[in-house]
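Survey of secondary and tertiary structure
Read off the chains here:
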Amino acid sequence: FYSIFGLSGLPVYKKFISDTTYVPWSNGLYGSVFIGFCVLFYFVGRHALTKNDKELMKALLYGIMSWLIVEAFFSFYYGIYINVAVDVVLTIALGLPLVIGIHSRNR
C-alpha cells in the first residue's frame, strides 16, 4: 500500500496532518521502520547462521528476496535505476551467505 499510495492514501492522515509536517513525518516513519527491520534481520540472521538453522535461513532468504524484488520493481517503474543496482548488490550481499548456509554440508 505504501509503495503505491504512500500514507496519503489513508484518509486519517489527510485529515490530521498538514502538508508542512506530512513529508518529514513520513520520512521519519519510513526511516524508523527500516532501522527496526534491519536490526531484526541482523539479530535473527546472526542467530540462524551461528546455530546453523536452515529453516530460519530460508525464512530470512524469502523475506529479504520479497522485499528486494518489490523495491526493485518500484525503483525501475519510477526510473530510479541506481536503486535497482543497489538492490542487486543487496541481493548478493544478504542472500549469498544465506544460500551458502542453507546448502552447507554441516547438518
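Computed from a predicted model, the values in this text were never measured in an experiment.

**Things to note about the pattern of salt bridges**
Counted by the stated rule, this structure contains one salt bridge. Here K58 ties to E55 by a salt bridge, and the two come within 3.9 Å at their closest N and O atoms. One end of the pair, K58, and the other, E55, are both in helix α4 (residues 54-77), three residues apart, so they sit about a helical turn from each other. With a relative accessible area of 28%, K58 lands in the partly exposed category. Overall, E55 belongs to the exposed group, its relative accessible area being 55%.

**Looking at a nonpolar patch on the surface**
There is a patch of nonpolar side chains on the surface, built from F73, Y77, Y78, I80, I82 and V86 and spanning about 690 Å² of accessible area. Of all elements in the fold, only α4 and α5 (81-102) reach the threshold of two or more residues within the nonpolar patch.

**Let's talk about α4**
Since there are 3.6 residues in each turn of an α-helix, residues three or four apart along the chain are aligned in direction. An ideal rise of 1.5 Å per residue puts 34 Å on 24 residues; α4 measures up with 34 Å between its terminal C-alpha atoms. All buried positions along α4 are accounted for by K54, M57, L60, L61, I64, M65, W67, L68, A72, F74 and S75. One side-chain oxygen of the residue at the start of α4 lies 3.3 Å from the amide nitrogen of E55, identifying that residue as D53. At the C-terminal side of α4, G79 shows a positive phi close to 80 degrees.

Conventions used here
Residues numbered from 1 in each chain as written. Predicted model: local features only at pLDDT ≥ 70, side-chain atom pairs only at ≥ 80, totals over all residues. Heavy atoms only, no water. Salt bridge = Lys/Arg side-chain N within 4 Å of Asp/Glu carboxyl O. Helix = DSSP H or I, 4+ residues; strand = E, 2+ residues; numbered from the N terminus. Buried < 20%, exposed > 50% of the residue type's maximum accessible area, 1.4 Å probe, protein only. Patch = residues over 30% accessible without salt bridge, like charges linked within 9 Å, V, L, I, M, F, W, Y side chains within 5 Å. Areas by Shrake-Rupley, 256 points an atom, 1.4 Å probe, with all protein chains shown as cover. Expected span 1.5 Å × (residues − 1). Polar contact = N/O pair within 3.5 Å; in protein donor to acceptor, adjacent residues only side chain to side chain.

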